[in-house]
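Structural features, examined
So the chains spell out like this:
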Amino acid sequence: MKQFELKRVKDLLSIDLTNLIIESKKEGFLFLERLINDYKNGTNTFSKPGEFLYGVFNQEGSVIAIGGINKDPFSTNERIGRLRRFYVSKGYRRKGVGKSLVTRILKDASEHYEIIVLYTDTEHAGKFYTSLGFIKDSNSLKSTHSLKL
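Residues numbered from 1 in each chain as written. Predicted model: local features only at pLDDT ≥ 70, side-chain atom pairs only at ≥ 80, totals over all residues. Heavy atoms only, no water.

Some details on the pairing of strand S4 (residues 80–88)
Of all 9 residues that make up S4, 9 are buried, and the element is covered over most of its length. Relative to strand S5 (residues 115–118), S4 runs parallel, the two being bridged by 3 bridges. Bridge pairing in S5 links isoleucine 80 to isoleucine 115. In this fold, the crossover linking S4 to S5 by way of helix H3 (residues 97–109) has right-handed handedness. (Buried < 20%, exposed > 50% of the residue type's maximum accessible area, 1.4 Å probe, protein only. Helix = DSSP H or I, 4+ residues; strand = E, 2+ residues; numbered from the N terminus. Pairing = 2+ DSSP bridges. Right-handed = clockwise from strand over helix to strand, strands pointing away.)

Shown next as structure tokens:
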């Protein structure tokens, strides 16, 4: 990923997600707008122990992908993390950007969690996650995939 830089995002409001939000909304995804709103109102700032938010930036410094992990808010098990707010810009898909981002998130998550869960409602994303070792998991209404670390 030489032409891309993966960085931990410590202050979401210091980066410009405008283009990523516009693109995601055109695809019918509203979760990046929720990411900003939750960050602004303090609902989710990815700042608790075991929580991380990462961005991938292109050579011009624009955000081309974002994703993070939280303790799963739908579980009482402290050792379950949830992959959240994961989005890769259309022009950068199938180039290793998403895989690198998930790999980094899982590496950090392994120090805090035993299981990672996620929810997706698209077949394309489901195939992406299963290619990374996640299994389809219908044990919960709030998750579609899980991975034991």
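Some details on helix H4 (residues 123–131)
Residues of H4 that are buried include every one of Ala125, Gly126 and Tyr129, and no others. One face of H4 carries all of its buried residues, which in axial projection span an arc of 105 degrees. Along H4, exposed side chains directed more than 90 degrees from the buried face belong to Glu123, His124, Lys127 and Ser131. The elements touched by buried residues of H4 are S4, H3, S5 and strand S7 (145–148). Glycine 133 sits one or two residues past H4 and shows a positive phi near 105 degrees. (Arc of directions from axis to C-beta. Contact = heavy atoms within 4.5 Å.)

A few points about the packing of aromatic side chains
A full pass over the atoms with the stated rule returns 8 aromatic pairs. For the ring pair phenylalanine 29 and tyrosine 87, a centre distance of 6.3 Å and an interplane angle of 65 degrees mean the geometry is edge-to-face. One end of the pair, phenylalanine 29, is in the loop between helix H1 (18–26) and helix H2 (31–41); the other, tyrosine 87, is in strand S4, with 58 residues separating them in the sequence. Seen in terms of ring centroids, phenylalanine 31 and tyrosine 87 are 6.3 Å apart; in terms of plane orientation they differ by 65 degrees. Their pairing is edge-to-face. With phenylalanine 31 in helix H2 and tyrosine 87 in strand S4, the pair connects residues that are 56 residues apart, well separated along the chain. Both residues of the pair, phenylalanine 31 and tyrosine 87, count as buried. Taking NZ or CZ as reference, lysine 7 lies 4.5 Å from the ring centre of phenylalanine 57, over its face. (Phe/Tyr/Trp six-rings, centres within 6.5 Å; stacked < 30°, edge-to-face > 60°. Lys NZ or Arg CZ within 6 Å of the ring centre and 35° of its normal.)

What about the UniProt feature "domain: N-acetyltransferase" (unreviewed entry) in the protein chain?
Here, UniProt's "domain: N-acetyltransferase" (unreviewed entry) annotation points to residues 4–149. Between the end C-alpha atoms of residues 4–149 the distance is 26 Å, and the span holds 29% helix and 26% strand. (UniProt positions renumbered as here; feature names shortened; annotations may be inferred.)

Considerations on the nonpolar core
If you look at the biggest cluster of nonpolar residues, it comprises 23 residues, and the most contacted ones within it are Leu83, Phe86, Ile116, Tyr129 and Phe134. Within the residue set of this core, elements represented by two or more residues are strand S2 (52–57), strand S3 (63–71), S4, H3, S5 and H4. Per-element tally for this core: the top contributor is H3, with 6 residues. Discounting chain neighbours no more than four positions away, the residues touching phenylalanine 134 are Val102, Leu106, Ile116, Leu118, Tyr129, His145, Ser146 and Leu147. (Core = buried A, V, L, I, M, F, W, Y, C linked by side-chain atoms within 4.5 Å.)

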